[in-house]
Amino acid sequence: GGAVHTEELTLPGFKHNIHSNFHGFIQLGPVLKDLDVGKYHKYIYPDPCWGIIFPDKSGIFQYVGQGIEPIERTCKSIASISPKDAKAYMDFYKSHIELKPLMIGWMFSPPVTPSQQFAPLEGTEMGREIVRMQFTHFKRLTDELFESDQFRAFILMAAVQMGLYVEEFGTGYFFPAMVTLEHDPGWGLSVGGSITLALALEKILNDFGGRVVLNSHVDKILVKNGVATGVEIAGGEKIMAKKAVVSNIDPVGTFIKLVDKEYLEEEFIKKVERWHPGMSIFAPHYAISEPPRWKAAEKNPDADKAWGILIGESEQLVLDYYRDIYAEKVPEDPVFLHCTPTIWDPTQAPPGKHTCFQWVHASYHLRDGGKEKWEEIKEEEAEKVWTKLNKYAPNLTRDKILAAHIETPLDVERRLPELIEGCWLMGAMTQDQTGIFRPFHGYPPYRSAIENLFMCGACTHPGGGCCGAPGYNAAGVICDDLKIKRWWEPMKYEMK
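Residues numbered from 1 in each chain as written. Predicted model: local features only at pLDDT ≥ 70, side-chain atom pairs only at ≥ 80, totals over all residues. Heavy atoms only, no water.

Q: So what exactly am I meant to see when it comes to the overall build of the chain here?
A: The number of helices and strands found in the chain is 16 helices and 16 strands. Scaling as 2.2 N^0.38, a compact globule of 496 residues should have a C-alpha radius of gyration of about 23 Å, and the chain matches this with 22 Å. By its C-alpha atoms, the chain is 70 × 55 × 50 Å across when sized along the principal axes. A total of 496 residues make up the chain; the buried ones form 56% of that total. (Helix = DSSP H or I, 4+ residues; strand = E, 2+ residues; numbered from the N terminus. Rg over C-alpha atoms; globule rule 2.2 N^0.38 Å. Buried < 20%, exposed > 50% of the residue type's maximum accessible area, 1.4 Å probe, protein only.)

Q: Is there a simple way to explain the packing of helix α4 (residues 100–107) against helix α9 (residues 174–181) in this structure?
A: The axes of two packed helices give the description: the angle between them and the distance between them. Running from amino to carboxyl end, α4 crosses α9 at an angle of 110 degrees, the nearest separation of the two axes being 10 Å. Judged by the inter-axis angle, α4 sits roughly perpendicular to α9. In the crossing of α4 with α9, the sense of the turn from one axis to the other is left-handed. Mapping the contact onto sequence places K100, M103, I104 and M107 in α4 and P176, A177, T180 and L181 in α9. (Axes fitted to C-alpha atoms, helices over the stretch in contact; angles between N-to-C directions. Parallel < 35°, antiparallel > 145°, perpendicular 65-115°, else oblique. Left-handed = near helix turned anticlockwise from the far one by under 90°. Contact = heavy atoms within 4.5 Å.)

Q: Explanation requested: the environment of F437 in the structure shown.
A: On the secondary structure map, F437 appears in the loop between α15 (409–415) and β16 (453–455). When the C-alpha positions of F437 and W275 are compared, they lie 10.0 Å apart, and in sequence the two are 162 residues distant. What F437 contacts, discounting residues up to four positions off in sequence, is P114, W275, Q431 and D432.

Q: Sorry if this is basic, but what is going on with the side chain of S82 here?
A: Checked against the element boundaries, S82 lands in the loop between α2 (69–79) and α3 (83–96). Among the polar contacts listed, one links the side chain of S82 to the backbone nitrogen of D85, at a separation of 3.1 Å. Excluding anything up to four places from it in sequence, S82 contacts E147 and S148. (Polar contact = N/O pair within 3.5 Å; in protein donor to acceptor, adjacent residues only side chain to side chain.)

Q: It is not clear to me how helix α6 (residues 125–135) should be interpreted in this structure. Could you clarify?
A: The periodicity of an α-helix, 3.6 residues per turn, causes residues three or four places apart in sequence to face the same way. Among all positions of α6, only G127, I130, V131, M133 and Q134 are buried. Looking straight down α6, one finds its buried side chains confined to an arc of 160 degrees; they lie on one side. Looking at the buried side of α6, the elements it contacts are α3, α4, α5 (114–118), α7 (138–145) and α9. (Arc of directions from axis to C-beta.)

Q: Is there a simple way to think about the pairing of strand β8 (residues 227–233) in this case?
A: The two faces of the sheet receive side chains in turn, since in a regular strand these alternate between them. Taking burial as the measure, the seven residues of β8 include five buried ones, the bulk of the element. Counting the residues between successive antiparallel strands, the hairpin from strand β7 (residues 218–224) to β8 contains two residues, one of them, N225, with a positive phi of roughly 55 degrees. In this sheet, strand β9 (residues 238–240) lies alongside β8 in antiparallel orientation, the contact comprising three bridges. Looking at the pairing, G230 lines up with M240 of β9. Here β8 hands over to β9 after four residues, with G235 in that stretch at a positive phi of 100 degrees. (Pairing = 2+ DSSP bridges.)

Q: Please clarify how the nonpolar core should be interpreted in this entry.
A: A general feature of soluble globular proteins is that nonpolar side chains tend to end up buried together. Residues W50, F138 and Y322 are the most contacted members of the largest nonpolar core, which totals 112 residues. In terms of residue count, the dominant contributor to this core is helix α8 (residues 149–160) (nine residues). Setting aside residues no more than four positions away along its own chain, F138 makes contact with I155, L156, A159, L164, V166, T171, G172, F174, F175 and M178. Counting 25 residues, the second largest nonpolar core, distinct from the first, contains F255, L258, L264 and M426. (Core = buried A, V, L, I, M, F, W, Y, C linked by side-chain atoms within 4.5 Å.)

Q: I would appreciate a short explanation of the pattern of salt bridges in the present structure.
A: Pairing between side chains of opposite charge can happen when their charged atoms approach one another. Taken as a whole and assessed by the stated rule, the structure comprises 32 salt bridges. Here E7 and R415 are joined by a salt bridge, their closest N and O atoms 3.3 Å apart. In this pair, E7 sits in strand β1 (residues 6–7) while R415 sits in helix α15, placing the two residues 408 residues apart along the sequence. Judged by its relative accessible area of 28%, R415 falls in the partly exposed class. The partner of R486 in a salt bridge is D480, with the nearest N and O atoms 2.9 Å apart. The exposure class assigned to R486 is partly exposed, which follows from its relative accessible area of 25%. For D480, a relative accessible area of 42% puts it in the partly exposed group. One connected set of salt bridges, linked through shared partners, spans K139, D143, R152 and E315. (Salt bridge = Lys/Arg side-chain N within 4 Å of Asp/Glu carboxyl O.)

Q: When you look at the state of the cysteines in this model, what are you seeing that I'm missing?
A: Note on terminology: disulfide describes a covalent bond linking the sulfur atoms of two cysteines. Per the counting criterion, the structure on display carries zero disulfides. Among the cysteines around C356, which has no disulfide bond, C339 carries the closest sulfur, lying 9.3 Å off. (Disulfide = S-S within 2.5 Å.)

Q: Looking at this structure, I do not really get the packing of aromatic side chains. What am I missing?
A: Two numbers describe a pair of aromatic rings. These are the distance of the centres and the angle of the planes. Inspection of the entire model under this criterion finds 29 aromatic pairs. For the pair F25 and W187, a centre-to-centre distance of 5.7 Å together with 55 degrees between the ring planes defines the contact as tilted. On the criterion of sequence distance, the pair formed by F25 in the loop between β2 (16–17) and α1 (31–34) and W187 in the loop between α9 and β6 (189–190) is long-range, its members being 162 residues apart. Like F25, the residue W187 is buried in the burial classification. Centroid distance W487 to W488: 5.2 Å. Interplanar angle 75 degrees. Geometry classified as edge-to-face. Under the relative-accessibility criterion, W487 is labelled exposed at 58%. Among the residues examined, W488 registers a relative accessible area of 12% and is labelled buried. (Phe/Tyr/Trp six-rings, centres within 6.5 Å; stacked < 30°, edge-to-face > 60°.)

Q: I'm lost on the side chain of T136 in this one. Help?
A: Its location among the elements puts T136 in the loop between α6 and α7. We classify T136 as buried; its relative accessible area is 7%. With near-sequence residues (within four places) excluded, T136 lies in contact with E168, F169, G170, T171 and G172.

Q: What's the story with the environment of I288 in this structure? I'm lost.
A: For I288, the location among the structural elements is in strand β11 (residues 280–288). On a C-alpha basis, the gap between I288 and K353 in space is 6.2 Å, while along the polypeptide they are 65 residues apart. The residues touching I288, leaving out its near neighbours within four places in the chain, are F14, K353, H354, T355, C356, W386, L396, K400, I401 and L402.

Q: Sorry if this is basic, but what is going on with the pairing of strand β4 (residues 50–53) here?
A: Along β4, one buried face is formed by W50 and I52 and the opposite face, lined by G51 and I53, is buried too. In the sheet, β4 pairs with strand β5 (residues 59–62) via four bridges, with the strands oriented antiparallel. From the neighbouring strand, G51 faces β5, where its bridge partner is F61. In sequence, β4 turns back onto β5 through a hairpin of five residues, with K57 there showing a positive phi of about 75 degrees.

Structure representation (structure tokens):
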């Protein structure tokens, strides 16, 4: 399952989703339907999905469902803090919802060159605005649209959950994606834990005669005359490929660690080695005896229903926090996402009990002490986060913790080496690593310098987040290259 994994980290019966916790875009594409994943797997959609709460017990919540009704409920929540921002959000939604098919199609199609991407957009006012949003950064866009400090904090906190440094140019185009794609159907929670999605796909593969080999670390990709011919696993066993080898791990892991350099040109190696990770994760996981009871529920009872709660008191605090981790520091005042999956899926814990975690963005390298510093400070940092959490949920005193497991950025990489430096997106989502530049240009998307060695996964377009799009797109180009007839109709998109 890779990052889509669930494990009893704390106590028997308490299932913790170690990396991938919510799936937001796989429902929008054809993967679930084409493969009939629902035969073995079920999603539920928490409503509200998440929200942000403040010391004065106010809060803003994102509601989900079909039609305009969840947008109206979301705007009502925004209006409790800023009627002007509620109107601005609704206006933006109404003027951009027609872009939804375009954005979905963009995800579930191989990327094109920048000129091909932008040329069709340049002829209309809306199209040119999309191009402008592509070039600006997320914070600048929110400054243009919204006035209240609290709503800006919410929007910025929501954006960074996708791995974005919101002051980096090229991140602005994520805002229309958030507004138009996240409300319907919402963020999916896998019943039984995230790993159930991976297990469902394994069953589907088995149904069609495929075979999954577990606990078999790949030591080498076999190449002959410039063509990938198979893999060699730990212990020396070779598994030969009838048609192709497809890698779902990062470019450095694929080409530097698994392919002999004699098969790679120096310029290609340079392209691979310049691949850079993004922010990492510090994640304390807990088995707890009761769910949080948020102070903010006094004003809006939906706070206690939310799958996720964002903690970040102000726009400036959020900005200062991410500027610190960008500078490889450990911020003094944490901002984070707290999640209690068992509120919506009680199967992930024993009856009456719960699991929770805090998703705290962090730098892998620390200016003071290096990456090894994490081993020294992890307990202290977890305590700092829990102490702040307790101010918003006073019932979550230390005695409510039954057991704990803390994942540092080092632990993330140890568990899954392909998540370089603990980056759950397998590479930063920056302008130079999106579209045809993800993971490198010079070869058609999902192809490489080795014939019949293809790539998919989070390091390819459109990136991470358990959306299914990299695999879907890679399957299409593999069929094209190997002259295999597709049994599905490719998605298409166009800007009207």
